Amino acid sequence: MGRLRRRSRLAGVALVLVLAGAAAGWIAADLLPRDAMTATAAAVLAVAAGAAGWAARAAFRRGKRRGAAGPDPGPGSEKAGGTRPGSAEDADGAGQVETAGEDGAGSAEAADAGVADGSGPAESADADVAGPAETANAGGADNRLSGGGESLAAELRLALEVQRKWQPPVDLRLGACRVTARSRQAAEVGGDLFDAVVLDDAIVAVLVGDAPGKGLQAAFMVPALLMLFRSEVKRGGGPAELLGRMNRALVGLGAEGLAGSGVTLGVGLVDVNNGEVRYAGAGHPAPYLAKPGAAPRQLDSSSLPLGMNPDEAYGETVFRLAPGERFVLYTDGVVEDAGPDGEMYGFDRFEAEMAGWTAGVPAADWMDRLLDSQESRGASRRDDRTLLVVEYNAGKAGRRAELRERNWRVASSPGCERAVAAELAAMLREEWADSGRTEDIVTCVAEAVMNAAEHGNGFDERKEVSVQVHFGHAIMVCRVRDGGPGFDAEAFRSKKAAGRTEDDDEYGRGWGLRLIDELTDYWIATRDQNGFCMEMYFLSQHRKS
Amino acid sequence: MDSALELNIVPFDGGLSVTLKGDLDQQAEQKIRSVLDWEKGLGEGRRYLILNLHEVNFINSSGMALLIRIARTGRKQNFHTFICGASAHYQKLFRMVGLTEYVMLYPDNYAAMQRIEALESGV
């Protein structure tokens, strides 16, 4: 037990180091020049790769010592790789535990479900993170957990928490497009990753991928890959070029050995105004175009996963979504999901689901129904299942007015937040009335605008604060930008953890950020070519319940 | 859009009842100071300060910091601060920032007065 405890402490320390490194890298990636940005992302990946290798080796040694039956899913895990799998490889009775992202758009919705009953975000996150590991222990079918006891459960809880911190909810509307994602994890923390990044207010970059390994290894790799994606996608270029850069970063770091079967990714850049999509895949299952009343069409996409060949050239497919059409990305776990008899769900059933997807059914509902139906088969599963859908003119062709978004620009003067707050409140009461979040959102946006005007732009009225809000049916995203240097979010969190000062002079300082931290479901601070950006996510109370 | 703060101060036996109307933000401090210099106490041996926020529609972090400074000063100047009329949302925010460690929250002026009477009678 002493060794286990020591190992668990080491794992915790490694996690904290990697998380801190990744956070610093993410922030630095936005602050630094391009070359330095890549170097920073690469450095973080190197740390993650090293730590992941350590975690994998530790897990292997542990498994070997215990003589546990069955393989520990590691770097050699199989992937669909863009082709239809021919056999079921997962029917070995591994544990079945539903974890993050079970409900709502992405993992954060599940992580924050506790807010609905009045508990604070931190409390609810803890409560939810504890859930899956407890369930896993109760199930007792997972090899790593069956002999590991509390320390291993703690490792998994940490791993799950790391992943949730880095997988923001995806449910956004921009222009004529709407992007929604669902991800459900298998027994362990898995390597599925997904993201949607708004570029220049007209392009949405979407990502679905699968990193090798499970547990701690995946928990290390997923945030590092997301950070690399977010930093590289802002450097410009098409998706093929982006994949090339990410591939070189992975291979150049010597991560090839870690990657094993490589990292599969599918990346699309969607022009939200005309529906044009530029897509490139790296060993990832080819996505589909699905239109109501027509058979789904699978794109041509064939290439090696990232991390396999430094000279790999990735092809790019360009197409334009028709009104009402959906662009469907997914991970292999969806089509390879095995039934109780080992029979895979397969592409035929997946395509039938898309063919039967009628107009007017939101992507979120369709994805939930599909994933629920797989679970109703009662089989155990050991791979994550992730779906991401881009809908163009969702619901009804040409009804762009229905897509809700709003932008403000205000001069940086004292009290400038009031105009935005009043208009936002009126809009929310009319359009998001059932969310139960109007006052929280208005408070947070007002505080963020006030901070941006005062601390970002120094109350220089020649400088503007821009505010951008996007509504999904379950999520609202607010971005507040200024031209200042921004602040160190980690320093804020450290100070918060240290507690409040009793010094009179300090009282009230930083309360705006503290309120934002308490009232949002998720927030990040980033910097790009447009300046410093405070990005806040709010989940509808109605959807949470 | 900014709604300048207005104050109405009504003395009562042992204290002051202050009704605020408008926005409680960074501009509010100067306005309040102009009619009530709380740092010197409430005067005439008064021990209770009721701040009625029923007609305050907007409070930001600067406004909350101001409230807490008043309440903390009250401890040094020997007066108790009561806040009434705050919406459920702002009551939630007051708890988040720790304001409730220094002030007592009541639904309305009547409830605050009842509590003061109880304190005065030693209950």
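This is a predicted model, so every value here is computed, not measured.

### Concerning the overall build of chain A
Part 1 of the reasoning: Tallying secondary structure elements over chain A gives 17 helices and 16 strands in all.
Part 2 of the reasoning: Put simply, chain A has 545 residues, and 54% of those count as buried.
Part 3 of the reasoning: A separation threshold of at least 6 residues defines the contact pool for chain A, and within that pool the share at least 24 residues apart is 75%.

### Topic: the interface of chain A and chain B
Part 1 of the reasoning: Listed by partner, the interface residues are 20 residues for chain A and 19 residues for chain B.
Part 2 of the reasoning: Only helix H13 (417–431), helix H14 (438–456) and helix H16 (511–519) of chain A provide two or more residues apiece to the side of chain A that touches chain B.
Part 3 of the reasoning: Taken together, the residues of the side of chain A that touches chain B sort by class into 9 nonpolar, 4 polar and 7 charged.

### Focus: the sheet that holds strand E3 (residues 192–199) of chain A
To summarise the sheet geometry, strands pair through backbone hydrogen bonds and adopt either a parallel or an antiparallel arrangement.
Residues and elements named next belong to chain A.
Part 1 of the reasoning: Taken together, 5 strands build an open sheet; the order of strands is E3-E4-E5-E6-E9 and the sheet is antiparallel. Each end of this open sheet is capped by a strand with a single partner; those strands are E3 and strand E9 (317–320). Ignoring which end each strand starts from, the neighbouring axes of this sheet average 15° apart.
Part 2 of the reasoning: Pairing of strand E6 (residues 276–282) with E9 involves 4 bridges; the strand directions are antiparallel. Paired with Glu276 across the bridge in E9 is Arg320.
Part 3 of the reasoning: Seen against the sheet, helix H7 (residues 215–233) touches E3 and strand E4 (203–210) and runs at an angle of roughly 25° to E3.

### A look at the sheet that holds strand E8 (residues 297–298) of chain A
Residues and elements named next belong to chain A.
Part 1 of the reasoning: Here 6 strands make up an open sheet; going across it, the order is E1-E2-E11-E10-E7-E8 and the pairing antiparallel. Unpaired on one side and paired on the other, strand E1 (171–174) and E8 mark the two borders of the sheet.
Part 2 of the reasoning: Here 5 bridges tie strand E10 (residues 326–330) to strand E11 (residues 385–392), and the two strands are oriented antiparallel to one another. If you follow Val328 over to E11, its bridge partner there is Val389.
Part 3 of the reasoning: Of the strands in this sheet, E1, strand E2 (177–184), E10 and E11 touch helix H12 (residues 363–375), which is tilted by about 20° from E2.

### Digging into the pairing of E2 of chain A
Residue and element names in this part refer to chain A.
Part 1 of the reasoning: Within E2, 8 of the 8 residues are buried, which leaves the element mostly enclosed by the surrounding structure.
Part 2 of the reasoning: Side-chain alternation along E2 places Cys177, Val179, Ala181 and Ser183 on one buried face and Arg178, Thr180, Arg182 and Arg184 on a second face that is also buried.
Part 3 of the reasoning: Pairing between E1 and E2: 4 bridges, direction antiparallel. Across the sheet, the residue bridging to Asp171 is Thr180, located in E2.
Part 4 of the reasoning: Hairpin geometry of E1 and E2 is characterised by an intervening segment of 2 residues between the two adjacent antiparallel strands and by a positive phi of about 55° at Gly175.
Part 5 of the reasoning: Alignment of E2 against E11, held across 8 bridges, turns out to be antiparallel.

Definitions and limits used
Residues numbered from 1 in each chain as written. Chains lettered and ligands numbered in written order. Predicted model: local features only at pLDDT ≥ 70, side-chain atom pairs only at ≥ 80, totals over all residues. Helix = DSSP H or I, 4+ residues; strand = E, 2+ residues; numbered from the N terminus. Buried ≥ 20, exposed ≤ 12 C-beta atoms within 10 Å, placed from the backbone. Contact = placed C-beta atoms within 7 Å. Nonpolar A, V, L, I, M, F, W, Y, C, P; charged D, E, K, R; others polar. Pairing = 2+ DSSP bridges. Axes fitted to C-alpha atoms, helices over the stretch in contact; angles between N-to-C directions.

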